[in-house]
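Each chain, letter by letter, is given below.
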Amino acid sequence: MNKMNRSGPVRRRLAFALALVVSGCAQLLSLVEAEAFAAVLRSQNQSAARSKERASQNNRQSEDKSFTRSRRAEPATDVVQYASPNGPIIRVALMTNVTTVTLGCSSGLMVNRGSFDEGKRVLGGSLRVELSQQSDPVAPAGSTVAAHRVLVRHSYDSRVARNLAAELKKKFFEPVTMTFDENQNEYAVLIGQCPNRSEAAQLLERLRKAGYEGLRIVSDPKTDGSLARESVTGANPRTAKYKAQPGSSAGRPIQMVAFAADKITASSADELIVVPAESTSTANRTKQNAVSSGDDERSKRDKRDQKADRKEVNAQHGTALPPPAVRVGSRDYRGEIHLVLNARALINVVNVLPLEDYLRGVVPMELSPGAYPEIEALKAQAVAARSYALERLGKHRDEGFDLVDDTRDQVYGGRSSERELTNRAVDETRGIVAVFPNEDGKLAPIEALYTANCGGRTENNEEVFGGKGLAYLRSVACAPDRQSLTGRDIVTSRTREPLVGVDGRSITREVALLFVLGFSLPRRLTSYYLGGPPDQDEVKIWITQTARLAQKEKPLARGDVTRLAEFARLVAASIYGEGRASTLLAPADVDYLLAGIRVEQLPGEARTDVAMLLRDGILRLPADAALDGRATITRVQAIETLARAMTLKSVADLKSQISNLKFQLPNLQFEIAAPSEKGRLIVPTPASTGSSTASRSQAPRFTGVNTSGAGRLERTQTHEGREATSAKETTKDVAPTKITLQNGSQHGSQGALQTEGLDIAEGAWIFRSVGGESYAVDRLTLIGGERVTYHLNATGQVDFLEASVSERSASSDRFSSVAQWRERVNVEELRQRLARARVNVGRLETIAPVAFSSSSRVTEVEITGDEGHTRLRRPQIRTALGLKEYLFVVDRETDSRGRVVAFVFTGRGWGHGVGMCQTGAYGLAKDGYSYTAILQKYYTGIKLQRMY
């Protein structure tokens, strides 16, 4: 065939040249004719070259035993490209091994016995399918059907033929068969079961566009019973197994029988396909679109009319109506529902739909958009879920599905779980997959495992699941790079000056606070100034400023204001009000508070004032625990006392608890900070929070779930109760406090708190409070949750800022309460947990981690009781002890006799810890990471590639 193609143009050229020589008429050819003829020759040469190239490619394919042609793609692309814009068809098991199932649809249902069955409409929109051993009441026995199939290729190698058959089934989701011709000693791979040649021609065209060549249509007349779908190995193994079931009789296979209104609608010993009545099945759409040219035009007109009618209805309702869906249980599902009779003669309920539609029901179940409303994190989740699904294609082929809908694979909630933000994440990453070189060096979708919360660091896959370590599933720190944290830093240009009091303690923070609050102090303070006694006028000016800030009447001096007794009385009157201390403290309370303190020369009223100042932490007791009312105070004592009076927590609490005790310092605020942004302080605005500090005393938090629920989310309840080899963890959140940030994103559902960003003044005083002590710093990193005290200057800038250490972790997964957790389990409860795992050592005495992974996770635990001891290893540790993660420590609680009464587990994270941390992805997105950067952080060395 190829030799003829090459020799034909040569013979024509020779014949033409010989004719010119013999006739002598070459000069008579016009220029136009010559050019035209040359064009014909060029066309023939190009055609011959193309034929030669195709032949060369076919030869290379035969040598490589491969039937795939290169698709249009980027250079060096090794992954399989899918022709459909919505990706390959995914088969998701919603239920397995059931004996009955009920389905419904508001628009009615169509039930088909196979992909090319015309189907029957179910009135009332409800269908019940049960198992039966009766013969098929629907299909007439012995009916003959002519099936038209497309022959894709012959091969002498059975392995190559099987690989091609599996490839075709994955890409086109059409029935694929492989036959063997004994005469020719070769295998043939065929696809489709088309009832007419027109539909087969359209299938052939789809294959040709996908890059397959050498195609032809073959006709295969068989009886209806023998036309059942075959596996790629030839015969259908189910039939023999069904007949071997204990309950079968007279050779009749167990069948599925569909009832509508107690009447039999359809039955099958293999598969039933259920779709909404207004929809069409995946395998039947082409058939409905083209039967003949006239029918095709009528079909197009009908579709246009139906579309116009739908638009009119939608316009009347003011919104677009969603497409009809099949309801299984309490959820609606896109695509088709296939009821497959498995090898155990039980029903598998399988949702069959394109990959992109499947992801719409996965992403919101795995990463709640209400709790984690960062689009880049949701995009990362979409790509991870897409990659995982592609990697798992065909893993359960013998059972009739690819994935299950729970934590054994990915939690899938169907159309009922879809949300606008997650649909957007899926759409904006359409076809993008994380790929990594496989064992053959070719790029392939990765097994994109992910975990709910990694506790600050992920884990190597082999440490949890065993087997071979994967280069892209390595342990990484769940935190942004230091460079990306620069936006979280608040900096100042002020030079730190050590100001030390008489007892060696720094008083820089107290001096700074009085400076910004307008107290009269020298611009440069020396040790001599601070250690000396204040002037009478100096103290009076300070007391006047204190009373003004506290909105109290200025107290009148009654003696030497530099003496401790008079100074304490004036401070108490300025803070609490004149005479309030003697009213609020009974004499017995005063004696109680001053008990054990050496007190000298304090009159009755002064004793009450000193006792109240000591109680509230405003007045510090000297190192020798002695109070002498006649002693002269120093400037250090005065500055420290007045500064503590301005910021003391108990006074701030009084402000929020007692309405008639309003202690409000102008421009001095006490708040819980949000993560800083671009060097600015982010806090709740006063307009949104009112006068109550208590109402905003809690930072936004996420609440995890308990550890003893079922293994499915209903199915959004918990991740526990699952098999040890589970590859996924999902997230579930109780709605947190909502924070409306500057970018407009919202958090949670319990009332909005508006936030604002405050600029930091040049040369501002900045302090970090650690362990009750404050230290002057030149940089603060605010991750959110810090208690801050700040002051605004006349221009609205922060000139004083003091921040505590956040109770949250600094890791990116800190936005969940399970980032750090603690669980106390009494001995009896723990004994019962172990007993369920078939571990019995009697009354528990010790539980001690004895081996750890590279990420400090526990890999082995020794358990000792009064009847023996044993060791638990992964993955039994979590399931037997009922813990959230492997990252934990253990403490014992004992009674007065030394007997262990409980064990306390303190740990971090929730899940298996491998792959992408879902909460961490949210944290990184808030730090400005793109979904690409998030994925490349958690999956080491991957590439992102568009596959369709």
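Every value quoted in this text rests on a predicted model; they were computed, and no experiment measured them.

Structural notes on the overall build of the protein
And step 1. Of the regular secondary structure elements, the protein holds 25 helices and 41 strands.
And step 2. Taking all 948 residues of the protein together, 50% fall into the buried category.
And step 3. For the protein, the exposed area adds up to about 44600 Å²; of that, 49% sits on carbon and sulfur atoms.

A closer look at the nonpolar core
And step 1. By size, the foremost hydrophobic cluster in this structure holds 110 residues, and its most contacted members are L339, Y358 and F905.
And step 2. Looking at this core, the element that brings in the most residues is helix α9 (residues 375-391), giving eleven residues.
And step 3. Leave out the neighbours within four places in its chain, and F905 touches W821, R822, E823, V825, L830, I847, L881, L883, F888, V889 and V890.
And step 4. Of all hydrophobic cores here, the second largest spans 55 residues; its members include F519, A565, A611 and F767.

Quick look at the packing of helix α15 (residues 564-576) against helix α18 (residues 604-615)
And step 1. Relative orientation of the contacting elements α15 and α18 amounts to 60°, with a least axis distance of 9 Å. The angle between α15 and α18 places the two elements in the oblique class. The way α15 lies across α18 gives a crossing that is left-handed. Facing α15, whose interface residues are A565, A568, R569, V571, A572 and Y576, α18 presents E605, A606, D609, V610, M612 and L613.
And step 2. Looking at the contact of α15 with α18, its residues break down into nine nonpolar, no polar and three charged.

Comments concerning the side chain of E802
And step 1. For E802, the position within the fold is in strand β33 (residues 798-804).
And step 2. Taking relative accessible area as the criterion, E802 reaches 9% and is therefore assigned buried.
And step 3. Among the polar contacts made by the side chain of E802, one reaches the side chain of R509 at a distance of 3.1 Å.
And step 4. Excluding anything up to four places from it in sequence, E802 contacts R509, F767, S769, S774, R787, V788 and T789.

A look at the packing of aromatic side chains
And step 1. For the structure on display, the rule yields nine aromatic pairs.
And step 2. Grouped by ring-pair contacts, the aromatic residues Y333, Y358 and Y412 constitute a single cluster.
And step 3. Above the face of the W765 ring, R494 is positioned so that its terminal group lies 3.8 Å from the ring centre.
And step 4. In this structure, R878 is placed above the aromatic ring of Y886, and the distance from its NZ or CZ to the ring centre is 5.8 Å.

Describing helix α25 (residues 931-938)
And step 1. By the burial criterion, the buried members of α25 are Y931, I934, L935, K937 and Y938. Down the axis of α25, the buried side of the element spans an arc of 160°, and every buried residue falls inside it.
And step 2. Buried residues along α25 sit in contact with α9, β18 (432-437), β40 (916-917), α24 (918-926) and β41 (943-946).

Quick look at the sheet that holds strand β38 (residues 888-894)
And step 1. The three strands lie next to each other as β34-β39-β38, forming an open sheet whose pairing is antiparallel. Each end of this open sheet is capped by a strand with a single partner; those strands are β34 (821-826) and β38. Put simply, the sheet's adjacent strands are angled 20° from each other on average, direction ignored.
And step 2. For β38 and strand β39 (residues 900-907), the ladder comprises seven bridges, and the chain directions are antiparallel. Of the residues in β39, the one forming a bridge with F888 is G907.
And step 3. Where helix α22 (residues 827-836) meets the sheet, its contacts fall on β34 and β39, and the angle it forms with β34 comes to roughly 90°.

Remarks on the confidence of the model for the protein
Close inspection of predicted coordinates is inappropriate in any region flagged by low pLDDT.
And step 1. On average, residues of the protein score 76 in pLDDT, and 71% of them reach the 70 mark or higher.
And step 2. The low-confidence segment residues 222-251 (pLDDT under 50) makes 54 contacts with residues lying over four places distant or belonging to another chain.
And step 3. Scored below 50 in pLDDT, residues 649-663 makes 20 contacts in the model with residues more than four places away or belonging to other chains.

Considerations on the sheet that holds β18
What holds strands together in a sheet is hydrogen bonding between their backbones, with the strands either parallel or antiparallel.
And step 1. With respect to topology, three strands assemble into an open sheet ordered β19-β18-β41, the strand pairing being antiparallel. Strands at the two margins of the open sheet, each flanked by one partner only, are β19 (443-445) and β41. For this sheet, the mean inter-axis angle between neighbouring strands, taken without regard to orientation, is 50°.
And step 2. Of the strands in this sheet, β18, β19 and β41 are in contact with α9, which crosses β18 at around 60°.

What about unusual backbone geometry?
And step 1. Between R874 and the following residue, P875, the backbone shows a cis peptide bond with an omega angle of 0°.
And step 2. By the element assignment, P875 lies in the loop between β37 (868-873) and α23 (876-881).
And step 3. Its identity is not glycine, yet Q601 carries a phi of approximately 55°, on the positive side.
And step 4. Assignment of secondary structure puts Q601 in the loop between β22 (598-600) and α18.
And step 5. Residue Q601 is classed as partly exposed on the basis of its relative accessible area of 49%.

Regarding the side chain of N351
And step 1. Looking at the secondary structure, you find N351 in strand β16 (residues 347-354).
And step 2. A distance of 2.6 Å separates a polar atom in the side chain of N351 from a polar atom in the side chain of Y412.
And step 3. Ignoring sequence-local partners within four residues, the contact set of N351 consists of I90, R91, V92, L94, Y333, R334, G335, E336, I337 and Y412.

Side note on the environment of R580
And step 1. With respect to the secondary-structure elements, R580 resides in helix α16 (residues 580-584).
And step 2. Residue classification places R580 among the partly exposed positions, given a relative accessible area of 30%.
And step 3. Distance in space between the C-alpha atoms of R580 and D609 is 9.0 Å, their sequence separation being 29 residues.
And step 4. At a separation of 2.6 Å, a polar atom in the side chain of R580 contacts the main-chain carbonyl oxygen of Y576.

Re the environment of I273
And step 1. With respect to the secondary-structure elements, I273 resides in strand β12 (residues 271-276).
And step 2. C-alpha separation for the pair I273 and R113, spaced 160 residues apart in sequence, amounts to 6.3 Å.

A few points about the packing of helix α12 (residues 508-516) against helix α19 (residues 635-647)
And step 1. At a minimum axis distance of 9 Å, the contact between α12 and α19 shows a crossing angle of 70°. Comparing the axis directions of α12 and α19 gives the class roughly perpendicular. Helix-helix and strand crossings are classified by hand; for α12 and α19 the assignment is left-handed. Here R509, E510, V511, L513 and L514 of α12 come into contact with α19, specifically with I639, E640, L642, A643, M646 and T647.
And step 2. Residues belonging to the contact of α12 with α19 are distributed by class as follows: seven nonpolar, one polar and three charged.

With respect to the pairing of strand β5 (residues 126-132)
And step 1. Examined bridge by bridge, strand β2 (residues 100-104) and β5 share five bridges and lie antiparallel to one another. By the bridge assignment, T102 is partnered in β5 with R128.
And step 2. Where β5 meets strand β10 (residues 255-260), five bridges bridge the pair, whose relative direction is antiparallel. If you follow E130 over to β10, its bridge partner there is V257.

Structural notes on a nonpolar patch on the surface
And step 1. On the surface, V770, Y775 and V805 cluster together into a nonpolar patch covering about 270 Å² of accessible area.
And step 2. Within the fold, V770 resides in strand β29 (residues 760-770).
And step 3. The class for V770 is partly exposed, based on a relative accessible area of 40%.

Notes on the pattern of salt bridges
And step 1. On inspection of all chains with the given rule, the structure shows 41 salt bridges.
And step 2. Between D616 and R615 there is a salt bridge whose closest N-O contact spans 3.0 Å.
And step 3. Note that R620 and E640 form a salt bridge whose closest N and O atoms lie 3.2 Å from each other. Note that R620 is positioned in the loop between α18 and β23 (626-628) and E640 in helix α19, a separation of 20 residues in sequence.
And step 4. Given the relative accessible area of 33%, R620 is considered partly exposed.
And step 5. On the basis of relative accessible area, E640 is assigned to the buried category, the value being 8%.
And step 6. Sharing partners across several salt bridges, the network here consists of D357, R360, D427 and R430.

Focus on α15
And step 1. The end-to-end C-alpha separation of α15 is 18 Å, in line with the 18 Å expected for 13 residues at 1.5 Å each.
And step 2. α15 sits mainly inside the fold: 13 of its 13 residues count as buried.
And step 3. Where α15 ends, the next residue or the one after it, G577, has phi of about 110°, a positive value.

Quick look at the pairing of β33
Consecutive side chains along a regular strand alternate between the two faces of the sheet.
And step 1. In terms of burial, β33 is largely enclosed, as seven of its seven residues are buried.
And step 2. Across six bridges, β29 lies against β33 in parallel orientation. Pairing of I760 across the sheet is with V798, part of β33.
And step 3. A loop of five residues connects strand β32 (residues 787-792) with β33, the two strands running antiparallel in sequence, and G796 in this loop sits at a positive phi of about 85°.

About the thresholds
Residues numbered from 1 in each chain as written. Predicted model: local features only at pLDDT ≥ 70, side-chain atom pairs only at ≥ 80, totals over all residues. Heavy atoms only, no water. Helix = DSSP H or I, 4+ residues; strand = E, 2+ residues; numbered from the N terminus. Buried < 20%, exposed > 50% of the residue type's maximum accessible area, 1.4 Å probe, protein only. Areas by Shrake-Rupley, 256 points an atom, 1.4 Å probe, with all protein chains shown as cover. Core = buried A, V, L, I, M, F, W, Y, C linked by side-chain atoms within 4.5 Å. Contact = heavy atoms within 4.5 Å. Axes fitted to C-alpha atoms, helices over the stretch in contact; angles between N-to-C directions. Parallel < 35°, antiparallel > 145°, perpendicular 65-115°, else oblique. Left-handed = near helix turned anticlockwise from the far one by under 90°. Nonpolar A, V, L, I, M, F, W, Y, C, P; charged D, E, K, R; others polar. Polar contact = N/O pair within 3.5 Å; in protein donor to acceptor, adjacent residues only side chain to side chain. Phe/Tyr/Trp six-rings, centres within 6.5 Å; stacked < 30°, edge-to-face > 60°. Lys NZ or Arg CZ within 6 Å of the ring centre and 35° of its normal. Arc of directions from axis to C-beta. Pairing = 2+ DSSP bridges. pLDDT = per-residue confidence, 0-100. Patch = residues over 30% accessible without salt bridge, like charges linked within 9 Å, V, L, I, M, F, W, Y side chains within 5 Å. Salt bridge = Lys/Arg side-chain N within 4 Å of Asp/Glu carboxyl O. Expected span 1.5 Å × (residues − 1).

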